[in-house]
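A closer look at the structure
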Amino acid sequence: AIPTKRLQEHLGLSQEHSMVVLLMGGGEGFGSLVKVAIAIGERLMRIGHVQLVVICGRNSEAQQDLQNHPWPFHLNGTSMGIVPKVLGFVPNVHEYMSAADCL
């Protein structure tokens, strides 16, 4: 097995953040992936030191909405860190799951 930090680097995830949270949804059955991702993402940005990865599967509308969302870069003068990484269908979802600290 590849060490988690090396796998995170391989996937282009932030090396500055101590935790990776993975949220996955697709074209069927999740409900409002966009609303859930925004709520979780904005909360995690306030906590800091967390990278959110959202895999939307084949739900291109959700992917587009999340990529276009105006993620806050600053709150009360404090940097919120990096914007969540939003992906569509990925053939290596197992690598993202292995790289995540929380699913």
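As a starting point, this report considers the structure included with it. Everything quoted here is computed from the prediction, not taken from an experiment. (Residues numbered from 1 in each chain as written. Predicted model: local features only at pLDDT ≥ 70, side-chain atom pairs only at ≥ 80, totals over all residues. Heavy atoms only, no water.)

Digging into the overall build of the protein
Along the backbone of the protein there are four helices and five strands. Helices (α) and strands (β) of the protein occur, in sequence order from the N terminus, as α-β-α-β-α-β-β-β-α. Sorting the 103 residues of the protein into buried and exposed places 41% on the buried side. Here the contacts in the protein between residues at least 6 apart in sequence split such that 72% fall between residues at least 24 apart. Put simply, the protein shows about 6200 Å² of open surface, and 54% of that area lies on carbon and sulfur atoms. (Helix = DSSP H or I, 4+ residues; strand = E, 2+ residues; numbered from the N terminus. Buried < 20%, exposed > 50% of the residue type's maximum accessible area, 1.4 Å probe, protein only. Contact = heavy atoms within 4.5 Å. Areas by Shrake-Rupley, 256 points an atom, 1.4 Å probe, with all protein chains shown as cover.)

Details of the sheet that holds strand β1 (residues 19-24)
Reading across the sheet, the three strands line up as β1-β2-β5 and stay open at both edges, with parallel pairing between neighbours. At either margin of the open sheet sits one strand with a lone partner, and together these are β1 and β5 (85-87). Across the sheet, the mean angle separating the axes of adjacent strands is 15° when strand polarity is ignored. Relative to strand β2 (residues 50-55), β1 is paired through six bridges, and the arrangement is parallel. Bridge pairing in β2 places methionine 19 opposite valine 50. On the sheet, helix α2 (residues 33-47) packs against β1 and β2 and is oriented at approximately 170° with respect to β2. (Pairing = 2+ DSSP bridges. Axes fitted to C-alpha atoms, helices over the stretch in contact; angles between N-to-C directions.)

Considering the nonpolar core
Within the largest apolar cluster, 16 residues are counted, with the highest numbers of intra-cluster contacts made by Leu23, Leu33, Leu52, Val54, Cys56 and Leu66. At the level of secondary structure, the elements contributing two or more residues to this core comprise β1, α2, β2 and α3 (60-68). Residues within four places of leucine 52 in sequence aside, it is in contact with Val21, Leu23, Ala37, Ile40, Gly41, Leu44, Pro84 and Lys85. By size, the runner-up hydrophobic cluster in this structure holds 12 residues, among which are Leu7, Val20, Leu22 and Ala100. (Core = buried A, V, L, I, M, F, W, Y, C linked by side-chain atoms within 4.5 Å.)

Concerning the packing of aromatic side chains
Summed over the entire model, instances satisfying the criterion amount to zero aromatic pairs. Taking the ring centre of phenylalanine 89 as reference, the NZ or CZ of arginine 58 above it sits at 4.1 Å. (Phe/Tyr/Trp six-rings, centres within 6.5 Å; stacked < 30°, edge-to-face > 60°. Lys NZ or Arg CZ within 6 Å of the ring centre and 35° of its normal.)

Quick notes on the packing of α2 against α3
Helix packing for two helices is described by the angle between their axes and how far apart those axes are. Contact geometry of α2 with α3 gives a least axis separation of 9 Å together with a crossing angle of 30°. Here α2 is positioned roughly parallel relative to α3, judged by the angle of their axes. Classified by chirality, the crossing of α3 by α2 is right-handed. On α3, the residues touching Leu33, Val34, Ala37 and Ile38 of α2 are Ala62, Asp65 and Leu66. For the contact of α2 with α3, a count of residues per class yields six nonpolar, no polar and one charged. (Parallel < 35°, antiparallel > 145°, perpendicular 65-115°, else oblique. Left-handed = near helix turned anticlockwise from the far one by under 90°. Nonpolar A, V, L, I, M, F, W, Y, C, P; charged D, E, K, R; others polar.)

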